[in-house]
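One letter stands for each residue in the lines below.
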Amino acid sequence: MKEKSKRQTDPAIAQARREQVLCAAADCFRRKGYHGAGMAEISKTAGMSAGHIYNYFASKEAIIESIIEQDMETMFSIFQEFEDQSGDLVTILIDGLDHAVDHHSDVTQRALNLEMFAEAARNDKVSEQLQKSDCYARNKMRSLLVGERSLIKDLSEKELESRIEVMFSMISGITLRRALNPGVDKETILLALRPAMRVLLMPFTTEEPME
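Residues numbered from 1 in each chain as written. Predicted model: local features only at pLDDT ≥ 70, side-chain atom pairs only at ≥ 80, totals over all residues. Heavy atoms only, no water.

1. A look at the pattern of salt bridges
One pass over the full model with this rule turns up 16 salt bridges. The shortest N-O distance in the salt bridge between Glu-65 and Lys-125 comes to 3.8 Å. Remark: Lys-125 occurs in helix α8 (residues 124–145) and Glu-65 occurs in helix α4 (residues 60–84); sequence separation between them is 60 residues. On the accessibility criterion, Glu-65 (14% relative accessible area) is buried. We note a salt bridge from Arg-142 to Glu-157, for which the minimum N-O separation is 3.4 Å. (Salt bridge = Lys/Arg side-chain N within 4 Å of Asp/Glu carboxyl O. Helix = DSSP H or I, 4+ residues; strand = E, 2+ residues; numbered from the N terminus. Buried < 20%, exposed > 50% of the residue type's maximum accessible area, 1.4 Å probe, protein only.)

Dropping the structure here:
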């Protein structure tokens, strides 16, 4: 009976150990950079041997891939909340900016994101993983914007893609702006971000530039 109980708890223990390693690795990547944080440093921070870590992750690269996957799971839950909420879609997405600014303004998260972007410039596998995450997020946003509650559901595919790109550029750009101008506060960002996002979520006429 005791042996059966142990088998049942093993997956939970393994997951807890994985989380322990991921938290430690994220801390090391933020402080020392991806290349500066070796497995010895990660194992020391995690409080377990490097050999033990290899039971859960084949390499340091596999660790950063799992960190990106965690971010994808967080995005899934956020978009799921948007889909599950009833009411005006524009209001729901505008209200969601509050959380987005907090997330991209967080000092530790910002440092980790910048480190992952830097690694993506050198590492094709990490780059592919980040592109996959971005593609997932764009597809989720697109599904919201072509839904019945959307005011811009009848836009052409090209214009819809254009608006999504600008929306995402504004949000992800907060990471860089807060790194370059750490004194800017959340309300200052939201003061212009809310109306700018509202414009992108509403119908408006675009004209081709004259030749």
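2. What to know about the state of the cysteines
Under the definition given, this model contains 0 disulfides. Here Cys-28 stays free of any disulfide, with the sulfur of Cys-23 as its closest cysteine sulfur at 11 Å. (Disulfide = S-S within 2.5 Å.)

3. Description of the nonpolar core
The biggest cluster of nonpolar side chains holds 30 residues, and the ones touching the most others in it are Leu-93, Met-141, Leu-145, Leu-193 and Leu-201. For this core, the secondary structure elements donating two or more residues are α4, α5 (89–95), α6 (97–105), α8, α9 (157–180) and α10 (186–200). Broken down by element, this core gets its largest block of residues, 6 residues, from α9. In this structure, Val-21, Phe-57, Ile-63 and Ile-64 belong to the second largest nonpolar core, which totals 25 residues. (Core = buried A, V, L, I, M, F, W, Y, C linked by side-chain atoms within 4.5 Å.)

4. A look at a nonpolar patch on the surface
Together, Leu-114, Phe-117, Leu-176 and Leu-180 give the surface a local cluster of nonpolar side chains, amounting to about 390 Å² of exposed area. Looking at the nonpolar patch, the elements with two or more residues in it are α7 (107–120) and α9. Within the element layout of this structure, Phe-117 appears in helix α7. (Patch = residues over 30% accessible without salt bridge, like charges linked within 9 Å, V, L, I, M, F, W, Y side chains within 5 Å. Areas by Shrake-Rupley, 256 points an atom, 1.4 Å probe, with all protein chains shown as cover.)

5. Topic: α7
Every α-helix carries 3.6 residues per turn, so stepping three or four residues along brings you back to the same face. Taking 1.5 Å per residue as the helical rise, α7 with its 14 residues ought to reach 20 Å, and the 20 Å between its terminal C-alpha atoms agrees with that figure. Listing the buried residues of α7 in full gives Gln-109, Arg-110, Leu-112, Asn-113, Glu-115, Met-116, Glu-119 and Ala-120. (Expected span 1.5 Å × (residues − 1).)

6. Some points on the packing of aromatic side chains
Applying the stated criterion to the full structure yields 2 aromatic pairs. Ring centres of Phe-29 and Tyr-34 lie 5.3 Å apart, and the angle between their planes is 45°; on these two criteria the pair is classed as tilted. We classify Tyr-34 as buried; its relative accessible area is 6%. Geometry around Tyr-34 places Lys-60 over its ring, the cationic atom sitting 4.5 Å from the centre. (Phe/Tyr/Trp six-rings, centres within 6.5 Å; stacked < 30°, edge-to-face > 60°. Lys NZ or Arg CZ within 6 Å of the ring centre and 35° of its normal.)

7. Quick notes on the side chain of Lys-60
You can see Lys-60 is positioned in helix α4. Buried and unpaired, Lys-60 has no salt bridge, with Glu-119 as the nearest side chain of opposite charge at 7.5 Å. A polar atom in the side chain of Lys-60 sits 3.1 Å from the backbone oxygen of Ala-37. Not counting chain neighbours up to four residues away, the residues in contact with Lys-60 comprise Phe-29, Tyr-34, His-35, Ala-37, Met-39 and Ile-42. (Lys, Arg positive; Asp, Glu negative; His and termini not counted. Polar contact = N/O pair within 3.5 Å; in protein donor to acceptor, adjacent residues only side chain to side chain. Contact = heavy atoms within 4.5 Å.)

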